[in-house]
Amino acid sequence: VNHHGLVVDPTTSRRLARIRQRDTSAEQLVRHQVHALGGRYRINNRDLPGSPDLANRAKGWAIFVHGCFWHAHLNCGRATVPKRNRKFWLDKFAANRARDRRVKATLRRLGFRVGVIWECEAEDAVRLSRVVSRFFTEAFTRP
Ligand SMILES: [Zn+2]
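Residues numbered from 1 in each chain as written. Predicted model: local features only at pLDDT ≥ 70, side-chain atom pairs only at ≥ 80, totals over all residues. Heavy atoms only, no water.

With respect to the overall build of the protein
Reasoning step 1: Helix and strand counts for the protein come out as four helices and four strands.
Reasoning step 2: Counting only C-alpha atoms and orienting by the principal axes, one finds that the protein spans roughly 50 × 30 × 25 Å.
Reasoning step 3: Considering only contacts in the protein between residues 6 or more positions apart, those separated by 24 or more positions represent 58%.
Reasoning step 4: Within the protein, the 12 negative side-chain charges are centred at a point lying 2 Å from the centre of the 29 positive side-chain charges. (Helix = DSSP H or I, 4+ residues; strand = E, 2+ residues; numbered from the N terminus. Contact = heavy atoms within 4.5 Å. Lys, Arg positive; Asp, Glu negative; His and termini not counted. Charge placed at Lys NZ, Arg CZ, Asp CG, Glu CD.)

A look at the sheet that holds strand 4 (residues 113–118)
Reasoning step 1: In spatial order, the strands read 1-2-3-4; together these four strands make up an open sheet with mixed pairing. Each edge of the open sheet carries a strand with a single partner, namely strand 1 (42–43) and strand 4.
Reasoning step 2: Inspection of the sheet shows strand 2 (residues 54–56) paired to strand 3 (residues 61–66) by three bridges, in the antiparallel sense. Paired with Ala55 across the two strands is Ala62, which belongs to strand 3.
Reasoning step 3: The sheet strands contacting helix 1 (residues 10–36) are strand 1, strand 2, strand 3 and strand 4, and the helix crosses strand 3 at an angle near 150°. (Pairing = 2+ DSSP bridges. Axes fitted to C-alpha atoms, helices over the stretch in contact; angles between N-to-C directions.)

Concerning the pairing of strand 4
Reasoning step 1: Strand direction decides the pairing type here: strand 3 and strand 4, joined by six bridges, are parallel. In the sheet register, Ala62 faces strand 4, and the bridge partner there is Val114.
Reasoning step 2: Note that the unit made of strand 3, helix 2 (residues 86–109) and strand 4 has a crossover that is right-handed. (Right-handed = clockwise from strand over helix to strand, strands pointing away.)

Details of the coordination of the zinc ion
Reasoning step 1: Taken together, Cys68 (SG), His73 (ND1), Cys76 (SG) and Cys120 (SG) make up the protein donors of the zinc ion, found 2.1 to 2.4 Å from the metal.
Reasoning step 2: The coordination sphere of the zinc ion comprises four donor atoms, whose angles at the metal cover 101 to 116°; the geometry is tetrahedral.
Reasoning step 3: Between consecutive donors of the zinc ion, the numbers of intervening residues give the motif C-x4-H-x2-C-x43-C. (Donors = N, O, S within 2.8 Å, 3.2 Å for Na, K, Ca; no water. Tetrahedral: all angles 85-135°; square planar, octahedral: opposite > 155°, others 65-115°.)

Observations concerning the nonpolar core
Reasoning step 1: Counting residues in hydrophobic clusters, the biggest one holds 14 residues, and the most contacted among them are Val30, Val34, Leu54, Trp61, Ile63, Ile117 and Phe136.
Reasoning step 2: Sorting the residues of this core by element identifies helix 1, strand 3 and helix 4 (125–139) as the ones contributing at least two each.
Reasoning step 3: The greatest single-element share of this core, amounting to five residues, is contributed by helix 4.
Reasoning step 4: Once you skip the residues sitting within four places of it in the chain, Leu54 turns out to touch Val30, Arg31, Val34, Tyr41, Arg42, Asn45, Trp61, Ala62, Ile63 and Val65.
Reasoning step 5: Ranked by size, the runner-up nonpolar core spans eight residues in total, among them Ala62, Phe64, Val103 and Leu107. (Core = buried A, V, L, I, M, F, W, Y, C linked by side-chain atoms within 4.5 Å. Buried < 20%, exposed > 50% of the residue type's maximum accessible area, 1.4 Å probe, protein only.)

Notes on the pairing of strand 3
Reasoning step 1: Within strand 3, six of the six residues are buried, leaving the element largely enclosed by the surrounding structure.
Reasoning step 2: The alternating pattern of strand 3 places Trp61, Ile63 and Val65 on one face and Ala62, Phe64 and His66 on the opposite face, and all of these are buried.
Reasoning step 3: Where strand 2 folds back on strand 3, the antiparallel hairpin that results is connected by four residues, among which Gly60 adopts a positive phi of roughly 75°.

Below you can see the structure in the form of structure tokens.
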């Protein structure tokens, strides 16, 4: 049973381990970029809806770094569906996307500015820097 509460076969399990590693490195790239722009944050904010990966409660912002696979990034080559138990995975991804929408709406109601950065964006340095600076300059003078 993995951390998403799924029982999977060994092949899928190895694949998921690789995906998890990639998620983690995307998070680190985002943290680095936010920090470089002067943003201060706490990570894995379990006291906030959806446990945003980075958040600053006082400044009122929260960022999620979404793995393209788990969060089913639309039109992204990494958002594949395992062939085994296809229906199960499609349901799982639909549920994940629905939860992402609910969490974002809840945080916004609480007054947070919410950003989502996809793993594939995080791994492209130019794209990441553009996405992060846009997130901070649109609503804030200082991150
Ligand atoms: Zn993607």
